[in-house]
Amino acid sequence: MARVGVEVSIALSEAVGLCNADVIAAYPITPQTHIVEHLAEMVADGELDAEYIPVESEHSALSACLGSAAAGARTFTATAGQGLELMHEVLYVASSMRLPVIMAVANRALSGPLSVWGDHSDVMSCRDIGWIQIFTENGQEVVDNAICSFKIGEDKRVLLPVMVHLDGFHLSHVIEPIDMPERAQVDAFLSVNDYPYALNPDNPHAMGDFAPPVVFTEAKWAQEQDFQKSKAVILEVWKDFEKQFGRSYKPVETYRTEGAENLLFTMGSFSETAMAAIDKMRDDGMSVGLVRLRLWRPFPFEELRDAVKDAKNLIVLDRALSIGGPGGPVCSEIKAALYPLEKKPKIVSIIGGVGGRDITVANFEDIMKKGLEIAEKGSPNEYEIYGVRA
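Keep in mind the model is a prediction, meaning the values are calculated, not measured.

**Considering the overall build of the chain**
Turning to step 1, where the next piece is worked out: Along the chain, the regular secondary structure elements total 13 helices and 15 strands.
Turning to step 2, where the next piece is worked out: Taking 21 Å as the expected radius of gyration for a compact globule of 390 residues, we find that the chain reaches 21 Å, a close match to that expectation.
Turning to step 3, where the next piece is worked out: For the chain, the spread of C-alpha atoms along the three principal axes comes to 70 × 55 × 45 Å.
Turning to step 4, where the next piece is worked out: Counting only residues that meet the buried cut, the chain has 54% of its 390 residues in that class.

Put into structure tokens, the structure is as follows:
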């Protein structure tokens, strides 16, 4: 294993190459373009023995991926923002047909106004599509979870598509020191893709059948049951990864939460900045800690409840706004997850970092203080937007 300084998008492409992807179908869109550009170069230069399919849109990119996955090929694509939305109807097909497509999403704000910068509004429209979804905080986590995603999605107990989320620009375009695995290590970790329902003229079967009302409910219930069962496999794969590579991942991860009365909740790359803020506030004598969400789907109810069970206040930062709704979409899910508990923290919803706006260490300190003030005194608002100018 060699440590290199490399742009995170390029490192991700190299990781996909180490996984011996068979087919890549993609359409370039900022800020994920470097990912598929580098994969195209790898295929053109003979470094990766794969079919690269240039298409005319993201809808076509995912449609091509459905065909390749259905034929039993290890399949990868990437997109961002508007591209993810153009794929939207096809996303449901991939999961309901149990096709283990792997996709990197360089999270980006949605128009309008037009923005190419990062936030989580694109993924929040895709909460209920039936894809396993993993959030990353840095380049190493992007590489590691890209490798894990192939092992998870292709497991015969799972057979589901997987999204790996990396914040647009804040991760996709930065150069970081990354421990890149050797090919032999990845080969030892990954099994050969042996899709059990691969289309074959000698063994024909139907896919994507029409379902009248008499069977549709049962089909969706079966999909939901299998999706929930995938969590055990995800945990198993992360444990196997830790044994081989020495880095561990959990559905919910915490930082300095021991004995902390007040917790900040984040997901994605801003979590690392939040850690620095937690350190400073701890040094100043504040009883604070950080909870970070790694596994967005299937949602880790048990782990979340355990992480916040002793807290007095929970300040949830969302990087997306539910227009006309409860404010922060992540916060609304956390409220729902904690609602049945007799003992639970007060929850405050803060929206920040939308459209790529930075949140600094000082900003996180301010967010925490404002959130605790709201928790103590109350507010007429369902949520607060941090840093908005009147």
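**Examining the nonpolar core**
Turning to step 1, where the next piece is worked out: Counting residues in hydrophobic clusters, the biggest one holds 53 residues, and the most contacted among them are F76 and I132.
Turning to step 2, where the next piece is worked out: If we ignore the near neighbours within four places in the chain, the residues touching F76 are V16, V23, I24, A25, I35, L39, C65, I102, M103, A104 and F150.
Turning to step 3, where the next piece is worked out: Judged by nonpolar contacts, the second largest core, of 24 residues, contains F265, M267, F299 and L304.

**What about the pairing of strand 7 (residues 162-167)?**
Turning to step 1, where the next piece is worked out: By the criterion of burial, strand 7 is predominantly enclosed, with six of the six residues buried.
Turning to step 2, where the next piece is worked out: Neither face of strand 7 is exposed, since V162, V164 and L166 on one face and M163, H165 and D167 on the opposite face are all buried.
Turning to step 3, where the next piece is worked out: Pairing of strand 5 (residues 102-107) with strand 7, which is carried by six bridges, proceeds in the parallel orientation. Residue pairing in the sheet places I102 in a bridge with V162 of strand 7.
Turning to step 4, where the next piece is worked out: Two strands pair when backbone bridges link them, and strand 6 (residues 132-135) and strand 7 are joined in this way by four bridges, in the parallel orientation. By the bridge assignment, F135 is partnered in strand 7 with H165.
Turning to step 5, where the next piece is worked out: Taken together, strand 6, helix 7 (residues 139-154) and strand 7 constitute a β-α-β crossover, and its handedness is right-handed.

**Comments concerning the side chain of S230**
Turning to step 1, where the next piece is worked out: The residue S230 is located in helix 9 (residues 213-245) in this model.
Turning to step 2, where the next piece is worked out: If we skip the residues at most four places from it in the chain, S230 touches I132, V158, L160 and P298.

**Some points on the sheet that holds strand 10 (residues 262-266)**
Turning to step 1, where the next piece is worked out: Read across the sheet, six strands follow the order 9-11-10-13-14-15 without closing on themselves; strand pairing throughout is mixed. Two strands close off the open sheet at either side, each with one partner strand: strand 9 (252-255) and strand 15 (384-385).
Turning to step 2, where the next piece is worked out: Relative to strand 15, strand 14 (residues 346-351) runs parallel, the two sharing two bridges. Looking at strand 15, one finds that I350 is bridged to E384.
Turning to step 3, where the next piece is worked out: Each of strand 10, strand 13 (313-318) and strand 14 is contacted by helix 12 (residues 329-338), which is oriented at about 145 degrees to strand 13, the strand it contacts most.

**Re a nonpolar patch on the surface**
Turning to step 1, where the next piece is worked out: Together, L321, I323, I385 and V388 line one region of the surface with nonpolar side chains, adding up to about 370 Å² of accessible area.
Turning to step 2, where the next piece is worked out: Within the fold, I323 resides in the loop between strand 13 and helix 12.
Turning to step 3, where the next piece is worked out: Its relative accessible area of 73% is what places I323 among the exposed residues.

**A look at a negative patch on the surface**
Turning to step 1, where the next piece is worked out: Together, E37, E41, D45 and E47 line one region of the surface with negative charge.
Turning to step 2, where the next piece is worked out: Relative to the helices and strands, E37 is located in helix 2 (residues 33-44).

**Describing the sheet that holds strand 3 (residues 51-54)**
Backbone hydrogen bonds are what pair the strands of a sheet, in a parallel or an antiparallel way.
Turning to step 1, where the next piece is worked out: Taken in spatial order, the seven strands line up as 3-2-4-5-7-6-12 in an open sheet, and their pairing is mixed. The sheet terminates laterally at strand 3 and strand 12 (295-297), the two strands that pair on one side only. Each strand axis lies, on average, 20 degrees off the axis of its neighbour in the sheet, ignoring direction.

**A closer look at the packing of aromatic side chains**
Turning to step 1, where the next piece is worked out: One pass over the structure, following the stated rule, counts nine aromatic pairs.
Turning to step 2, where the next piece is worked out: Between F189 and F245, the ring centres sit 5.8 Å apart and the planes meet at 80 degrees, which makes this aromatic pair edge-to-face. Residue F189 is found in helix 8 (residues 183-189), and its partner F245 is found in helix 9; the two are separated by 56 residues along the sequence.
Turning to step 3, where the next piece is worked out: Through pairs of rings, three or more aromatic residues link up here, namely F189, W238, F241, F245 and Y249.
Turning to step 4, where the next piece is worked out: Taking the ring centre of F189 as reference, the NZ or CZ of K151 above it sits at 4.9 Å.
Turning to step 5, where the next piece is worked out: Taking NZ or CZ as reference, K344 lies 5.9 Å from the ring centre of Y339, over its face.

**So, helix 2**
Turning to step 1, where the next piece is worked out: Helix length check: helix 2, at twelve residues, gives a terminal C-alpha distance of 16 Å against a target of 16 Å (1.5 Å per residue), a fit within 8%.
Turning to step 2, where the next piece is worked out: Looking only at helix 2, the buried set comprises T33, I35, V36, H38, L39, M42 and V43.
Turning to step 3, where the next piece is worked out: Structurally, helix 2 contributes buried residues whose contacts are with helix 1 (8-18), strand 2 (23-26), strand 3, strand 4 (75-79) and strand 5.
Turning to step 4, where the next piece is worked out: Positive phi appears at G46, one or two residues downstream of helix 2, with a value of about 80 degrees.

The rules we used
- Residues numbered from 1 in each chain as written.
- Predicted model: local features only at pLDDT ≥ 70, side-chain atom pairs only at ≥ 80, totals over all residues.
- Heavy atoms only, no water.
- Helix = DSSP H or I, 4+ residues; strand = E, 2+ residues; numbered from the N terminus.
- Rg over C-alpha atoms; globule rule 2.2 N^0.38 Å.
- Buried < 20%, exposed > 50% of the residue type's maximum accessible area, 1.4 Å probe, protein only.
- Core = buried A, V, L, I, M, F, W, Y, C linked by side-chain atoms within 4.5 Å.
- Contact = heavy atoms within 4.5 Å.
- Pairing = 2+ DSSP bridges.
- Right-handed = clockwise from strand over helix to strand, strands pointing away.
- Axes fitted to C-alpha atoms, helices over the stretch in contact; angles between N-to-C directions.
- Patch = residues over 30% accessible without salt bridge, like charges linked within 9 Å, V, L, I, M, F, W, Y side chains within 5 Å.
- Areas by Shrake-Rupley, 256 points an atom, 1.4 Å probe, with all protein chains shown as cover.
- Salt bridge = Lys/Arg side-chain N within 4 Å of Asp/Glu carboxyl O.
- Lys, Arg positive; Asp, Glu negative; His and termini not counted.
- Charge placed at Lys NZ, Arg CZ, Asp CG, Glu CD.
- Phe/Tyr/Trp six-rings, centres within 6.5 Å; stacked < 30°, edge-to-face > 60°.
- Lys NZ or Arg CZ within 6 Å of the ring centre and 35° of its normal.
- Expected span 1.5 Å × (residues − 1).

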